[in-house]
Amino acid sequence: MLKKNWLIILILVAALFLRVYRIPQVLGFYFDQGRDALVIWDLIHLHKFFLIGPTTGLAGIFRGPYYYYLIAPFYFLGGGNPVVPVDFLALTSVIAIYLMYLLASKIQDKTSGIIAAVIAGFSFYIVLAGRWLSNPTPMLILSMILVYSMFRIAKTNKRKDAQIWWAIISAVAGLSLFNFGSSGEFFYFPALFIFVIWQRRKFPTLKYLLISGFVFFLTFAPLVLFDLKHDHILLHNLFSTFGGDGGSFKLPTQSFMAERTRSYYDIFTNKLFDAREKPEIIVMVIAAIFFLINLPKLIKNDGYKIIILLLISPIIGLYFYQGNYGVLYDYYLTGYYLIFILFYGLIFGKIWKANIVGKLFIVYFLYLFFSGNLPIIWSKINDNCTGNGTICFANEKTAINWIYDNSAGQKFNVDIYVPPQIPYAYNYILTWRSNPNNVTENVPLLYTLYEVDDQHPSILNDWLKRQNGIGKIEAVYSTGGITVQRRIRND
């Protein structure tokens, strides 16, 4: 018992290290991150409060504002430095791993919890998800709170002991759908509907039902207020996106189902192995066969029922959801990543417990897992950001700092090219660095900053030609995939 307690502590410490190590250098700070940071800057410095949050991938549909309010205190504590909110989000992802360990221990045993924690702690894609400064990242911990709450309801024998957990489920479901999640989290609701029927005898009293309803309403109340203030623009956009013949839910074609099935395979399995060659595929097939053979026994366990219910819901539902041009990005299922891994951990824990052959199988799995994941994690987080196409937070700051150092206190303008979007990231770094936006007139000193654009080189070339017509180059500085030119405007 003591050994396993120390082991989980070591796993969590190592997992946190992998999630915060060299964040100041290799943080991905791009369009979304800059946009969000500018909103929070205005909240902190100009007291501009807001009722909507980041946009979704669907035109005219926004998330609620709670992601911004969640990370705003950490921007404030860090003096505007994005590294501090990233570290906070990384910590929440590690707490999620601990919750998963507790769940696996309660559902099956501590060995299963350790295996699940190892997979979540050292999976390349889960490490990246925990280092991401974006609204889906809190879904890692929210998903584990959801499963934990459902499990507590299922295991209690008393209705009164279940009531607080219904309120927590309401909060998590609302926050997931309206604030932090992407398309996949919508399918929590069909699973919860079935769960309610299953656990109807433990349904809350009227008092707690009203509390749960009120908590759920609070998760989207800011969006309702925004919609009321703006002539129901959000409601109209929702109807146009999801309603009618042109809506996002359609009967899938055979080719669409085949493509989506391939996406499921990739999303489910890349959390175990980045490269899925013959040995990795054999391991996964054996684990799947073991699960199917033991399914009649496993399904008697309430924990397995909850996990399978939550996983089946998006698998079926996303065959019919074809929004965002039918594209299913991996991060759409962030709210299921750790549910996947909890499932994997329980199956592998069962295999470990079977016999000596099962133990050897798990040792071989761990060998494949670590040899496949640790090298690419280490390479990723040790990127020196000097490659010709590399864009990291470190060289973004270096480029902006060069402008300030080179200008030597003179007033200047900055013109920025970022393919193919608005340069929010640089706008934020400029604002954070010293707010040069007070320079509105066309002063002689101009800096043109651009990122490498291998996909649209002709657009970049046209932009540079226009800059050549504006000013003459006096100096050039490059860092990674970023180039800065000091220019003096033509007379």
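Calculation rules
Residues numbered from 1 in each chain as written. Predicted model: local features only at pLDDT ≥ 70, side-chain atom pairs only at ≥ 80, totals over all residues. Heavy atoms only, no water. Patch = residues over 30% accessible without salt bridge, like charges linked within 9 Å, V, L, I, M, F, W, Y side chains within 5 Å. Areas by Shrake-Rupley, 256 points an atom, 1.4 Å probe, with all protein chains shown as cover. Salt bridge = Lys/Arg side-chain N within 4 Å of Asp/Glu carboxyl O. Lys, Arg positive; Asp, Glu negative; His and termini not counted. Charge placed at Lys NZ, Arg CZ, Asp CG, Glu CD. Helix = DSSP H or I, 4+ residues; strand = E, 2+ residues; numbered from the N terminus. Buried < 20%, exposed > 50% of the residue type's maximum accessible area, 1.4 Å probe, protein only. Pairing = 2+ DSSP bridges. Core = buried A, V, L, I, M, F, W, Y, C linked by side-chain atoms within 4.5 Å. Contact = heavy atoms within 4.5 Å. Phe/Tyr/Trp six-rings, centres within 6.5 Å; stacked < 30°, edge-to-face > 60°. Arc of directions from axis to C-beta. Disulfide = S-S within 2.5 Å. pLDDT = per-residue confidence, 0-100. Expected span 1.5 Å × (residues − 1). Bend = angle between axes of the 7 residues up to and from the residue. Axes fitted to C-alpha atoms, helices over the stretch in contact; angles between N-to-C directions. Parallel < 35°, antiparallel > 145°, perpendicular 65-115°, else oblique. Left-handed = near helix turned anticlockwise from the far one by under 90°. Nonpolar A, V, L, I, M, F, W, Y, C, P; charged D, E, K, R; others polar.

Trainee: Give a description of a positive patch on the surface that names residues and reports values.
Mentor: There is a patch of like positive charges on the surface, built from Lys297, Lys300, Lys350 and Lys353. With respect to the helices, strands and loops of the structure, lysine 297 is situated in helix α14 (residues 278-298).

Trainee: Lay out the pairing of strand β2 (residues 445-451) in plain terms, naming residues and giving numbers.
Mentor: Of all seven residues in β2, seven are buried, a share of seventy percent or more. Burial along β2 is two-sided: the face carrying Leu445, Tyr447, Leu449 and Glu451 and the face carrying Leu446, Thr448 and Tyr450 are both buried. Pairing of strand β1 (residues 413-417) with β2 involves five bridges; the strand directions are parallel. Paired with asparagine 413 across the strands is leucine 446, a residue of β2. Looking at chain direction, β2 and strand β4 (residues 482-489) are connected through seven bridges and run antiparallel. Residue pairing in the sheet places leucine 445 in a bridge with isoleucine 488 of β4.

Trainee: Which residues make up the nonpolar core, and what values go with them?
Mentor: Side chains of a nonpolar character, in soluble globular proteins, are inclined to be buried together. By size, the foremost hydrophobic cluster in this structure holds 134 residues, and its most contacted members are Phe29 and Phe348. Those residues in contact with phenylalanine 348, other than ones at most four positions away along the chain, are Ile115, Ile119, Leu272, Ala287, Phe361, Ile362 and Phe365. Judged by nonpolar contacts, the second largest core, of five residues, contains Tyr417, Leu460, Trp463 and Leu464.

Trainee: Break down the pattern of salt bridges for me, with residues and values.
Mentor: On inspection of all chains with the given rule, the structure shows seven salt bridges. Between lysine 271 and aspartate 330 there is a salt bridge, with the nearest N and O atoms lying 3.1 Å from each other. Of the two residues, lysine 271 is situated in the loop between α13 (254-269) and α14 and aspartate 330 in the loop between α15 (302-320) and α16 (334-354); the sequence distance between them amounts to 59 residues. Its relative accessible area of 0% is what places lysine 271 among the buried residues. Aspartate 330 sits in the partly exposed class, given a relative accessible area of 22%.

Trainee: Can you explain the packing of aromatic side chains? Please cite residues and give values.
Mentor: Under the definition given, this model contains 47 aromatic pairs. Between phenylalanine 74 and phenylalanine 88, the aromatic rings sit 3.9 Å apart at their centres with planes inclined by 15°, giving stacked as the arrangement. Here phenylalanine 74, found in helix α4 (residues 66-77), pairs with phenylalanine 88, found in helix α5 (residues 83-107); they are 14 residues apart in sequence, far enough to count as distant. On the basis of relative accessibility, which here comes to 21%, the residue phenylalanine 74 falls in the partly exposed class. Where phenylalanine 178 meets phenylalanine 220, the ring centres are 4.9 Å apart and the plane angle is 45°; that geometry is what we call tilted.

Trainee: Explain helix α10 (residues 188-198) to me, using residue names and the numbers behind them.
Mentor: Every buried residue of α10 is accounted for by Tyr188, Ala191, Leu192 and Phe195. Along the long axis of α10, the arc covered by the buried residues comes to 100°, so they all point the same way. Next to the buried residues of α10 lie α8 (139-155), α9 (159-180), α15 and α16.

Trainee: Tell me about the state of the cysteines, and name the residues and values.
Mentor: All chains considered together, the criterion is met by one disulfide. Put simply, cysteine 385 and cysteine 392 are joined by a disulfide, and their sulfur atoms are 2.3 Å apart. With the S-S bond torsion at -85°, the cross-link from cysteine 385 to cysteine 392 turns out left-handed. For the pair cysteine 385 and cysteine 392, a shared accessibility class is recorded, and that class is buried.

Trainee: Kindly report on the environment of phenylalanine 74, identifying the contributing residues and their values.
Mentor: On a C-alpha basis, the gap between phenylalanine 74 and valine 215 in space is 25 Å, while along the polypeptide they are 141 residues apart. Setting aside anything within four residues of it in sequence, one finds phenylalanine 74 in contact with Val84, Pro85 and Phe88.

Trainee: Could you give an account of the side chain of glutamate 185, naming the residues involved and the relevant values?
Mentor: Here glutamate 185 lies in the loop between α9 and α10. The buried charged residue glutamate 185 lacks any salt bridge partner; its closest oppositely charged side chain belongs to arginine 63, at an N-O distance of 7.4 Å. Not counting residues within four places of it along the chain, the set of residues in contact with glutamate 185 comprises Met139, Ser176, Tyr332, Leu333, Thr334, Gly335 and Tyr336.

Trainee: Please give an account of the confidence of the model for the chain that cites residues and values.
Mentor: On average, residues of the chain score 92 in pLDDT, and 95% of them reach the 70 mark or higher. Across the chain, element-level confidence peaks in α5 with a mean pLDDT of 98 and bottoms out in helix α12 (residues 233-242) with 74.

Trainee: Let's hear about helix α11 (residues 206-229): which residues, and what values?
Mentor: It helps to recall that an α-helix has 3.6 residues per turn; residues three or four apart then point in one direction. Taking 1.5 Å of rise per residue, 24 residues should cover 34 Å, and α11 covers 32 Å from first to last C-alpha, within 8% of that figure. Along its length, α11 reaches its greatest deviation from straightness, about 55°, at phenylalanine 220, and the proline proline 222 lies no more than four positions downstream. Buried residues of α11: Ser212, Thr219, Phe220, Ala221, Pro222, Leu223, Phe226 and Asp227, and no others. Aspartate 231 occupies a position one or two residues after α11 and carries a positive phi of about 55°.

Trainee: Can you tell me about the packing of α5 against helix α6 (residues 110-122), naming the residues and giving the values?
Mentor: At a closest axis distance of 7 Å, the pairing of α5 and α6 adopts a crossing angle of 155°. Taken together, the axes of α5 and α6 are roughly antiparallel relative to one another. For the crossing formed where α5 meets α6, the hand is right-handed. Residues Ile97, Met100, Tyr101, Ala104 and Ser105 of α5 form the contact with α6, whose own contacting residues are Lys110, Ser112, Gly113, Ile114, Ala116, Ala117, Ala120 and Gly121. Split by residue class, the contact of α5 with α6 holds eight nonpolar, four polar and one charged.

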